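The primary structure of each chain is shown beneath.
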Amino acid sequence: MAPHLSPPDAADVEVDLELVDLLAARRRRHGAILRHGIAALYPAAAGALLATLDALLEQHAVRRPANLRARDVLREAEPDWFQQPDMVGYVMYGDRFADTLRGVGGHLDYLGELGVRYVHLMPLLRAREGESDGGYAVAAYDEVEPRLGTMADLAGLADALHDREMNLCIDLVVNHTAEEHPWAQAARAGDPRYRDFYFFFPDREMPDRYERTLREVFPTFAPGSFTWLDDAQRWVWTTFNEFQWDLNWSNPAVFAAMVEVMLHLSNQGVDVLRLDAVPFMWKREGTDCENLPEVHTLLCTLRALMAIASPATIFKAEAIVAPEELTAYVGAGSPERHECELAYHNQLMVLLWSSLATGEAKLMTTSLRRLPSIPSRASWVTYVRCHDDIGWAITDENAAAVGWDGWAHRDFLVDFYRGEFPLSFARGDVFQFNPETGDGRTSGSAASLCGIERALEAEDPVHLDIACRRLELVYAVAYSFGGVPLLYMGDELGVRNDASYLDDPALADDNRWMHRPRMDWSVAARRQVPGTLEARLFEMMAGLAGDRASVAALHGAARLEVLQPTDSHLFAFARHHPDRGRFTMVANFGNLTVVADTAGLGCSPGAAVRRTGAGATLEPGGVLTLPPLGYAWLVEP
Ligand code: OTU
């Protein structure tokens, strides 16, 4: 008789996971990092701050709902949940997608069709009235924007998502508050406790000294980094808009107050906190006040706290910075450090658009080969478009390495994507042109930047087909490069630029609203009408998600190797995992057909096609034929 284990009585195995034991274990695991971080950041106040944090942790543990405590345990058992090959994100403004949070909950089937398992809702906490930088000027961290609903609706949406194995990501604006936030109002009125929540200066002396080395983020609509307050007779630090006051994170009271905010949001069932504008969280004279070492210590310390209090909640860093600064946010360079689990891969995004414009992949290959690898427990979010402009973060060094002039190339990209370059297929606009530095950025929807808008206007089916291939090509890279791919609302339907923001005085100044249109559900319905643009693109995006989910090697921990094909129009990379096989993608950005040999890309003869675009084919023997904008996804066991 075959030996078998008889199932034990359920009562025998029921383990009572005492909350106190769990907390103690988590403290043993993360407590030293927490204490070290606090001591490093706040040496004079460390003891008192740790006591405050202890009290917050205790209060939080009592308040944390039972279902989320269970989720904590599950997530500790599956810490790589966000790295699974079936993880696909969708980014939306709740109001623009479905009016309210409840409305969003009513459209989860739609997201399910796209294979979405991660929903990023753009800023949803109560913002200031009027201009609010798309909600990035928060007036109350403990309230949901009334237009969208209530905190209870948010918790309800989290539950509904969790029931469908979907995860919730929300924005947390950590660098600044709105000037209407009660902290800011108290500071303005002269309350000394809250004065220290921000940076106030009686005269121009310090602002002038800082500004010698600061970069201007919004040079056209918010020049300078300080704003004069007539009533308070003070300058206040405002990196972004005048109504967004930078928080003073060197004040331990700010740290404690923001921890409270984070814990409260995690108790609503939030899985991922997108930490906005993290590079700016620490200032020091004589520097650009971005990416300072203290920022990284801050993030590690907050991470340790969250891992003790709410392990089900992870961090995504929003640091849209130069390549040499980027990778540290996910722990590159110090793999023993646990910083953010996720960060935006703005390099990949920028280089995809650069490659589409030039029909050349060598800059992308060279730049990405130079990026340090990141620890296997962290991942990128990869994306083609988001709600922001495209800042052309291509360094002079990387451009020079392929024989290009960095400035000239960035200038070309700005012209190309505003549609002003001969033969440009794009339709976009320039965002925040800075005449002092000559730098410009780009606004526009993915479809418009890929040429779909122009082709539709010209009623030109050939160019429409080519434009769709461009969109597919860049999304096919984003869906396989590593980590969580993000689908930006509307791209699945080829939504074009929308000029209606110009009619709203609170938005008209900021052309990023051209690529933040409202969802038109009658357009979405056309996804079911064969032969339409919407059906084609929707099926394409759903197919990318489905194929991605079927490739074990697309787990986020698989090592990335950017390959160097002999033909510089090709971009190719492999993902290696010792126990999950190998994945290879080859993409042709050029406008001639390229024939490549898969053995030359390191593939074994057993490599099989999982997906192709634009009619690419693989013949026995490993000969790959890639028409213009064609690509292949190859898998090996
Ligand atoms: C973020 O972006 C948001 O994504 C923007 O929508 C906000 O306007 C802004 O913060 C202020 O809250 O400069 O052009 O390195 O580059 O935080 C976008 C980080 C931005 C910054 C980034 C910022």
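Since we're looking at a predicted model, the values are computed, not measured.

Undergrad: Can you walk me through the domain arrangement of the chain in this structure?
TA: Accessible area lost during the coming together of the parts is what is often quoted as the interface size. You can read the domains of the chain as domain 1 (1–344), domain 2 (345–484 + 498–550) and domain 3 (558–636). Of the residues lining the interface, 29 residues belong to domain 2; the matching set on domain 3 comes to 26 residues. Taken over both partners, the interface formed by domain 2 and domain 3 buries close to 2,300 Å², and the fraction arising from carbon and sulfur atoms is 64%. Run the count over domain 2 and domain 3 and you get two salt bridges. A salt bridge links Asp-547 to Arg-611; its shortest N-O distance comes to 2.9 Å. Inspection of the domain 2/domain 3 interface yields 11 residue pairs in polar contact (both at pLDDT 80 or more). Put simply, the parts of the chain that give the side of domain 2 that touches domain 3 at least two residues each are α15 (346–358), α16 (362–370), α21 (461–478) and α23 (533–549). At eight residues, α21 tops the list of elements feeding residues into the side of domain 2 that touches domain 3.

Undergrad: What is the right way to look at the sheet that holds strand β7 (residues 200–201) in this model?
TA: Note on sheets: strands pair through backbone hydrogen bonds, and any given pair is parallel or antiparallel. If you walk across this open sheet you meet the three strands as β7-β9-β8, and the pairing is antiparallel. Every interior strand has two partners, whereas the edge strands, β7 and β8 (226–229), have only one. The sheet contact formed by β8 and strand β9 (residues 234–237) spans four bridges and is antiparallel. Bridge pairing in β9 links Thr-227 to Val-236.

Undergrad: Can you walk me through the side chain of Asp-388 in this structure?
TA: Locating Asp-388 in the fold gives a position in the loop between β14 (379–383) and β15 (390–391). A polar atom in the side chain of Asp-388 sits 3.3 Å from the side chain of His-387. Within the structure, Asp-388 has its side chain in polar contact with the side chain of Arg-512 (distance 2.8 Å). When near neighbours in sequence (up to four residues on either side) are disregarded, Asp-388 contacts Glu-318, Arg-512, His-515 and Arg-516.

Undergrad: So what exactly am I meant to see when it comes to the packing of helix α2 (residues 19–41) against helix α13 (residues 293–309) here?
TA: When two helices pack together, their arrangement is given by the angle between the helix axes and by the axis-to-axis distance. Close contact between α2 and α13 brings their axes to 8 Å; oriented N to C, the two are set at 155°. Between α2 and α13, the angle is such that the two are roughly antiparallel. When you trace α2 past α13, the crossing you get is left-handed. For the pair α2 and α13, the contacting residues are Leu-23, Arg-26, Arg-27, His-30, Gly-31, Ile-33, Leu-34, Gly-37, Ile-38, Ala-40 and Leu-41 in the first and Glu-294, Thr-297, Leu-298, Cys-300, Thr-301, Ala-304, Leu-305, Ala-307 and Ile-308 in the second. A breakdown of the residues in the contact of α2 with α13 according to their chemical character gives 12 nonpolar, five polar and three charged.

Undergrad: How should I be thinking about the packing of α21 against α23 in this particular structure?
TA: Between α21 and α23, whose axes approach to 11 Å, the crossing angle comes to 20°. Judged by the angle between their axes, α21 and α23 are roughly parallel. With respect to the hand of their crossing, α21 and α23 are arranged in right-handed fashion. Across the interface between the two elements, Leu-464, Asp-465, Cys-468, Arg-469, Leu-471, Glu-472, Tyr-475 and Ala-476 of α21 pack against Leu-533, Arg-536, Leu-537, Met-540, Met-541 and Leu-544 of α23. Its residues assigned to classes, the contact of α21 with α23 shows 10 nonpolar, no polar and four charged.

Undergrad: Would you mind showing me how to read α21 here?
TA: Under the 1.5 Å per step criterion, the end-to-end length of α21 is 26 Å for 18 residues, consistent within 8% with the ideal 26 Å. Among the residues of α21, those classed as buried are Leu-464, Ala-467, Cys-468, Arg-470, Leu-471, Glu-472, Leu-473, Val-474, Tyr-475, Ala-476, Val-477 and Ala-478. Where α21 begins, the capping side chain belongs to Asp-460, and its oxygen is found 3.1 Å from the backbone nitrogen of Val-462.

Undergrad: Is there a simple way to explain the pattern of salt bridges in this structure?
TA: Side-chain pairs of opposite charge can arise whenever the charged atoms involved come near each other. Evaluated as defined, the whole model comprises 43 salt bridges. Residues Asp-95 and Arg-147 are paired through a salt bridge, measuring 2.6 Å at the closest nitrogen-oxygen approach. Here Asp-95 is found in helix α5 (residues 94–98), whereas its partner Arg-147 is found in the loop between β4 (138–144) and α8 (151–163), with 52 residues between them in sequence. Of the charged contacts, one joins Arg-102 and Asp-153 as a salt bridge, the two residues approaching to 3.0 Å between their closest N and O atoms. Of the two residues, Arg-102 is situated in helix α6 (residues 101–105) and Asp-153 in helix α8; the sequence distance between them amounts to 51 residues. On the basis of relative accessibility, which here comes to 64%, the residue Arg-102 falls in the exposed class. On the basis of relative accessibility, which here comes to 15%, the residue Asp-153 falls in the buried class.

Undergrad: Sorry, what's going on with the site of the ligand here?
TA: Around the ligand sit 21 residues in total, of which Asp-133, Asp-276, Glu-318, His-387 and Asp-388 are the nearest. A distance of 2.7 Å is found between an oxygen atom of the ligand and a side-chain nitrogen or oxygen belonging to Asp-276. Within the side chain of Glu-318, one N or O atom sits 2.6 Å away from an oxygen atom of the ligand. Within the complex, the protein chains bury 96% of what would otherwise be the 490 Å² of accessible surface of the ligand.

Undergrad: Looking at this model, I keep getting lost on unusual backbone geometry. Mind explaining?
TA: Positive phi is not limited to glycine here, since Asp-99 has a value of about 70°. Backbone geometry places Ala-277, a non-glycine residue, at a positive phi of 55°. Along the chain, the position of Ala-277 falls in the loop between β11 (272–276) and α13.

Undergrad: Help me out: how do you make sense of helix α3 (residues 46–63) in this one?
TA: Two residues of an α-helix separated by three or four positions point the same way, owing to the 3.6 residues in each turn. With 18 residues, α3 extends 25 Å from end C-alpha to end C-alpha; this agrees with the ideal 26 Å at 1.5 Å per step. Next to the buried residues of α3 lie α2, α4 (66–77), α12 (252–266) and α13.

Undergrad: Looking at this structure, I do not really get the sheet that holds strand β24 (residues 617–619). What am I missing?
TA: Overall, antiparallel pairing links the three strands, which are arranged β22-β25-β24 in an open sheet. Lying at the two open borders of the sheet, with one neighbouring strand each, are β22 (594–597) and β24. Recorded for the sheet is a direction-independent mean angle of 20° between the axes of neighbouring strands. Pairing of β24 with strand β25 (residues 623–626) involves three bridges; the strand directions are antiparallel. When the bridges of β25 are listed, Leu-618 appears paired with Leu-624.

Criteria and cut-off values
Residues numbered from 1 in each chain as written. Predicted model: local features only at pLDDT ≥ 70, side-chain atom pairs only at ≥ 80, totals over all residues. Heavy atoms only, no water. Domains from an automatic or database assignment. Contact = heavy atoms within 4.5 Å. Buried area = accessible area lost by both parts, 1.4 Å probe. Salt bridge = Lys/Arg side-chain N within 4 Å of Asp/Glu carboxyl O. Polar contact = N/O pair within 3.5 Å; in protein donor to acceptor, adjacent residues only side chain to side chain. Helix = DSSP H or I, 4+ residues; strand = E, 2+ residues; numbered from the N terminus. Pairing = 2+ DSSP bridges. Axes fitted to C-alpha atoms, helices over the stretch in contact; angles between N-to-C directions. Parallel < 35°, antiparallel > 145°, perpendicular 65-115°, else oblique. Left-handed = near helix turned anticlockwise from the far one by under 90°. Nonpolar A, V, L, I, M, F, W, Y, C, P; charged D, E, K, R; others polar. Expected span 1.5 Å × (residues − 1). Buried < 20%, exposed > 50% of the residue type's maximum accessible area, 1.4 Å probe, protein only. Near = heavy atom within 4 Å. Areas by Shrake-Rupley, 256 points an atom, 1.4 Å probe, with all protein chains shown as cover.

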